[in-house]
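Here is what each chain is made of, one letter per residue.
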Amino acid sequence: MTTTTQSKYQILPRGEATAILPTGSKHSPITVIGTEPIRSSFDELCLQQAINSRTAPGVTNLVLNPDAHGGYGAPVGCVLVSPTHVYPGPVGVDIKCSMSLLQTSLPADAVIDKQTRRALIDAICERTPTGAGKGQRNAPKSRHVEEALGKRVLTEGASPGVCRELGIPVEWASRCEDSFHVGHDDSTGALALRLEKLLPHIYQFDAKISQLGSYGGGNHFGECEAVEVGDDQRSRDIAKTFGLIDGGIAFLSHCGSRGIGHSLATGQFKSLQAKFEQWDIPLPGKDRELVYAPLGTPEANAYLDDMALGANFATVNHLLINALVLEAFQEVLPGTTGELVYFISHNIARKEIVDNRPAWVHRKGATRAYPAGHFALKGTPFAETGHPILLPGNPQAGSAVMVAEAGAEASCYSVNHGAGRQLGRKAAKRELDQRQVDQSFADADILSNCRQYPIDEAPAAYKDFDEVLRSVKSAGLASEVARLKARFVIKDGDKADD
DNA sequence: ATGTTC
């Protein structure tokens, strides 16, 4: 933390959590989750964005998570709560970027043999392409989606009809944080009207629809995992409710709403920025990416509708990927079955009850964390345990399945969304050695579809996962139920068969 | 993150 920013706020220690209060501000302080080494890693941009966001119109709470860094107007790794306004920045360009986990019936030793793993990698890549712009024509065994079905995906999300059309088990919808999103007036009809209005302005809509069932690039991935449930009885009981099988094979996916979410989000940024300029409204911290709209205005309605359209695509994208991955397993290892453990987002605004009133909870690089007994889990399979939290770490340290604790109330029922970057992409390319990275994967016996593992995505480019988990645990937000250890990874990079 | 230079 530099002196320039330090003069702008006071730090109020609160056990493992800390609060930041902008000097002279009447706002309640920003809650910061993280051990001291984590807190001191926040840079100037991140803190400035946090202060801008906290003091922005209609914002009642702001939480910074241990993996926070600079983002669009608001930090990535924050929770922004407003009962009166919506903010596109704290949702971001990849609307409803999410994690999902599929538990298969296979024991870990069924996926030891290298030839079997290679066959699985090939079978998965034939169905779920990686890379920017890549859609179904790059994957011969993907599902072909006509424009009419694509429109239903955007407006209905994972409805029973859409699931049946795509060969997605209908019951997987009950394993989603949200299986569908409605428009600003809580109707699906509003989304259909909005989509028809938008259609002429969306560049290559058909190409974007054909991206259904694809990973994209960057930090997105698919990963075959060996499941290691914790030794204690509580972890074993919770794992059973979650549907996790100790010593079994699962598949973890990270992806979002692809080109369609990107174009919906950037369209909203441009349109709101033009209006702020036209009306000469000052922006919080003069940040062009911290535009907002008061609820009930045509601008807020349009944003909520576009966010829902993107979120519906992301939801069906994840479920289709899981269906296609299961199909790939069944092709290579006939008789394999699979069940969705959970699907949960880290880039979305949801209407929740905060301090006894409805508010939009924007989670940007933050994961919802409802503990056992939370009223919103009533009637779900997770009412008595809390819902699964899927926290990606890295292929070598593993990823974690966690469950929220009562202490999560302090973070507006949220935890971080992963390890967070240690090195920027440029720094990773400069400082890390490709041969060492590839050797570390070989040493850990982790295969990949890439000839060379993308160096800016190497485990060493991310923060120490155990330190990140300590932050979450010591703040009383969540505890670990199981660790997932990678057996092979699907990433966007130089393909092994090129 | 992204139709990776509308």
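All of these numbers come straight from a predicted model, not from anything done at the bench.

1. Some points on the pairing of strand β7 (residues 98-107)
The element β7 is largely enclosed, with a buried count of 8 among its 10 residues. Bridge count for β7 against strand β9 (residues 248-255) is 7 bridges, and the pairing is antiparallel. Its bridge partner being in β9, Leu 102 is matched across the sheet by Phe 251. Of the strand pairs in this sheet, β7 and strand β11 (residues 338-345) are connected by 7 bridges, and their pairing is antiparallel. Its bridge partner lying in β11, Ser 100 is registered against Phe 343.

2. Comments concerning the UniProt feature "binding site: Mn(2+) 1" (unreviewed entry) in chain A
As recorded in UniProt, the feature "binding site: Mn(2+) 1" (unreviewed entry) lies at Asp 94 and His 220. These annotated residues cover 127 residues of sequence, and their C-alpha atoms all fall within 11.0 Å of one another, placing them together at a single site. In this fold, Asp 94 is placed in the loop between β6 (85-86) and β7. The contacts of Asp 94, once residues within four sequence positions are left out, are His 220, Gly 256, Ser 257, Arg 258 and Asn 347.

3. Topic: the UniProt feature "binding site: Mn(2+) 2" (unreviewed entry) in chain A
According to UniProt, the "binding site: Mn(2+) 2" (unreviewed entry) feature falls on His 254 and His 346. The annotated residues occupy 93 residues of the chain but converge on a single region, no pair of C-alpha atoms lying more than 10.3 Å apart. Mapping His 254 onto the fold places it in strand β9. Those residues in contact with His 254 that lie beyond four places of it in its chain are Cys 97, Ser 98, Met 99, Tyr 215, Asn 219, His 220, Phe 221, His 318 and His 346. Structurally, His 346 can be placed in the loop between β11 and β12 (347-354). The exposure class of His 346 is buried, given its relative accessible area of 3%. Here His 254 takes part through its side chain, which lies 3.3 Å from a polar atom of the side chain of His 346.

Rules behind the numbers
- Residues numbered from 1 in each chain as written.
- Chains lettered and ligands numbered in written order.
- Predicted model: local features only at pLDDT ≥ 70, side-chain atom pairs only at ≥ 80, totals over all residues.
- Heavy atoms only, no water.
- Buried < 20%, exposed > 50% of the residue type's maximum accessible area, 1.4 Å probe, protein only.
- Helix = DSSP H or I, 4+ residues; strand = E, 2+ residues; numbered from the N terminus.
- Pairing = 2+ DSSP bridges.
- UniProt positions renumbered as here; feature names shortened; annotations may be inferred.
- Contact = heavy atoms within 4.5 Å.
- Polar contact = N/O pair within 3.5 Å; in protein donor to acceptor, adjacent residues only side chain to side chain.

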